Amino acid sequence: MEIINNYILLATKFIFLLGTLIYFIFALIVVKQTTTLSRSVYDKFNTILIIFSYAHLAFSFFLILLTFIIL
Amino acid sequence: MPRAKDLDTVAPDDIINSTPKSPLPPRPIKKLQNKKIKHLHQPSNEKSHSTQFRQNIYGILGKTKHPFSSFLVKPKVFNFRERDTDEEIILVLRRHWITNLTWILITISMIIGPILLTTVPLLESFPPAYQFISIIFWYLITFIYSFEQLLSWYFNVYIITDERVIDIDFNNLLSKNFSEAKISMIQDVTSTIIGVSQTFFNFGNIQIQTAAEVPEITFEKVPNPEIIIKVLGQLRQEEELENIEGRVK
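Because the structure is a prediction, the values reported are computed rather than measured.

Details of the overall build of chain A
Tallying secondary structure elements over chain A gives 2 helices and 1 strand in all. Ordered by position in the sequence, the α and β elements of chain A form the string α-β-α. Computed over C-alpha atoms, the radius of gyration of chain A comes to 17 Å, more than 25% over the 11 Å expected from 2.2 N^0.38 for 71 residues, which places it beyond the range of a compact globule.

Take a look at the structure:
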């Protein structure tokens, strides 16, 4: 029973890692999207939006590290 | 036989004296350098017409209340890539702020979601580390959902300049739709306000039918549709006057 539980946890860990990696790629796309849009249309809050997208990218990278370390 | 002096009866081989002698002494030519010359086509009149139209337009539009408004009158900071050098941005429109209410409510419910999970023991079968990662992941998804919605609202803009109307749509990273129509090409403008929220908050769709390549440009869920129609009417009048006066850019 314990072996099965270990396998389930291992599979879950793998799913978590894969999920966070995919999410990191998505965060990269969001940064690219925000910078591209900001070049096309410029308004007052573009800089703030770009900062938010980079912060989100940093958090998603932090999540990958956290998944590696904690799980 | 004496030759006739009448010009109608001059023979082709007759020598004509082109400078007939005047009995008066020649007058000196006056210098016109410092004198104002009046033209039939006065540029000052054209300018006054143009400024008058522009004053009317800005009188109708009023002023922008706050920078996050979806109705930006003559924005100082705003710019777009396809803008011509001497093009004046008169109005920038986004969807009415109330259209954001749906995703704001969804975001709020997503934020309070994990708090509700304490009452429903869904994650309790997992170790605490997994629970912690799941919650962080959930909040990141919540953030990105609201951020994408905000980007969609913020970058989908409708622009009215002194020369054209522009619709810039960004659906995602890979799709950007830019459509424009010259003011002179506009044939018909109609607005539709449907439903309780649109009537209450005064927003709706504006269909601009054109004679350009893009047959119709639609401004979706924009505030104050009747004001926009008035402004477009003024701009069309100004354009027609420019056409008559022959000073089209």
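Digging into the overall build of chain B
Within chain B one finds 5 helices and 9 strands. Buried residues in chain B amount to 18% of all 249 residues.

Side note on the interface of chain B and chain A
Contact residues are listed per partner, giving 22 residues for chain B and 26 residues for chain A. Looking at the side of chain B that touches chain A, the elements that each hand over two or more residues are strand S2 (79-80), helix H3 (128-155) and strand S5 (164-172) of chain B. For the side of chain B that touches chain A, the element with the most residues is H3 of chain B, which contributes 11 residues. Taken together, the 2 bridges between strand S1 (residues 41-42) of chain A and S2 of chain B define a ladder with antiparallel strand orientation. For Val41 of chain A, the partnering residue across the bridge sits in S2 of chain B and is Phe80 of chain B.

Some thoughts on the confidence of the model for chain B
Residues and elements named next belong to chain B. Summarising the model, chain B shows a mean pLDDT of 80, and 76% of its residues fall at 70 or more. Across residues 31-41, confidence stays below pLDDT 50; counting only partners more than four residues off in sequence or on other chains, it has 0 contacts. In the model output, the complex is listed with pTM 0.77 alongside ipTM 0.89.

Focus on the environment of Ile64 of chain A
Residue and element names in this part refer to chain A. In this fold, Ile64 is placed in helix H2 (residues 46-70). Between the C-alpha atom of Ile64 and that of Phe16, which follows or precedes it by 48 residues, the distance is 8.9 Å. Those residues in contact with Ile64 that sit more than four places away from it in its chain are Thr20, Leu21 and Phe24.

A short note on the pairing of strand S3 (residues 89-93) of chain B
Residue and element names in this part refer to chain B. Among the 5 residues of S3, 4 are classified as buried, and the element is accordingly described as predominantly covered. Bridge analysis of strand S1 (residues 71-73) against S3 gives 3 bridges, and the strand direction is antiparallel. By the bridge assignment for S3, Leu72 is matched with Val92. Bridge count between S3 and strand S4 (residues 157-161): 4 bridges; the pairing is antiparallel. The residue bridging Val92 from the neighbouring strand is Ile159, located in S4.

Here we look at the environment of Glu180 of chain B
Residue and element names in this part refer to chain B. Note on placement: Glu180 falls in strand S6 (residues 175-182). Accessibility expressed as a C-beta count within 10 Å gives 19 for Glu180, which makes it partly exposed. Placed 34 residues apart in sequence, Glu180 and Val214 show a C-alpha to C-alpha distance of 7.4 Å.

Observations regarding the environment of Glu238 of chain B
All names here are of chain B. Within the secondary structure, Glu238 sits in helix H5 (residues 225-245). Glu238 gets classed as partly exposed once you count the C-beta atoms within 10 Å, which come to 19. In this structure Glu238 touches Ser50 and Phe53, once residues within four positions along its chain are discounted.

Topic: unusual backbone geometry
Residue and element names in this part refer to chain B. A positive phi angle, near 40 degrees, is found at Lys74, a position not held by glycine. Secondary-structure assignment places Lys74 in the loop between S1 and S2. According to the C-beta neighbour criterion, Lys74 is partly exposed, with 16 such atoms within 10 Å. Of note, Asn224 is a non-glycine position whose phi angle comes to about 50 degrees, a positive value. By the secondary structure assignment, Asn224 is in the loop between strand S9 (216-223) and H5.

With respect to the sheet that holds strand S8 (residues 203-210) of chain B
Note: strands within a sheet are paired through backbone hydrogen bonds, in either parallel or antiparallel orientation. All names here are of chain B. Taken together, the 3 strands give an open sheet; going across it, the order is S7-S8-S9, and neighbouring strands pair in antiparallel fashion. Strands with a single pairing partner mark the edges of an open sheet, and in this sheet they are strand S7 (186-192) and S9. Adjacent strand axes in the sheet meet at a mean angle of 15 degrees when their direction is disregarded. In this fold H5 packs onto S7, S8 and S9, with an angle of close to 170 degrees to the strand it touches most, S7.

Re the domain arrangement of chain B
Each assigned domain of chain B is listed with its residue range as follows: domain 1 (60-95 + 156-245) and domain 2 (101-152). Look at where the C-alpha atoms of domain 1 of chain B and domain 2 of chain B centre, and you get two points 37 Å apart.

Comments concerning the packing of helix H1 (residues 2-40) of chain A against H3 of chain B
Contact geometry of H1 of chain A with H3 of chain B gives a least axis separation of 12 Å together with a crossing angle of 20 degrees. As far as their axial angle goes, H3 of chain B and H1 of chain A are roughly parallel. Viewed along their axes, H1 of chain A and H3 of chain B form a crossing whose handedness is left-handed. Here Thr12, Phe16, Tyr23, Val30, Thr34 and Leu37 of chain A of H1 of chain A come into contact with H3 of chain B, specifically with Tyr130, Ile133, Leu140, Ile144, Leu151 and Phe155 of chain B. Split into classes, the residues belonging to the contact of H1 of chain A with H3 of chain B amount to 10 nonpolar, 2 polar and no charged.

Calculation rules
- Residues numbered from 1 in each chain as written.
- Chains lettered and ligands numbered in written order.
- Predicted model: local features only at pLDDT ≥ 70, side-chain atom pairs only at ≥ 80, totals over all residues.
- Helix = DSSP H or I, 4+ residues; strand = E, 2+ residues; numbered from the N terminus.
- Rg over C-alpha atoms; globule rule 2.2 N^0.38 Å.
- Buried ≥ 20, exposed ≤ 12 C-beta atoms within 10 Å, placed from the backbone.
- Contact = placed C-beta atoms within 7 Å.
- Pairing = 2+ DSSP bridges.
- pLDDT = per-residue confidence, 0-100.
- Axes fitted to C-alpha atoms, helices over the stretch in contact; angles between N-to-C directions.
- Domains from an automatic or database assignment.
- Parallel < 35°, antiparallel > 145°, perpendicular 65-115°, else oblique.
- Left-handed = near helix turned anticlockwise from the far one by under 90°.
- Nonpolar A, V, L, I, M, F, W, Y, C, P; charged D, E, K, R; others polar.

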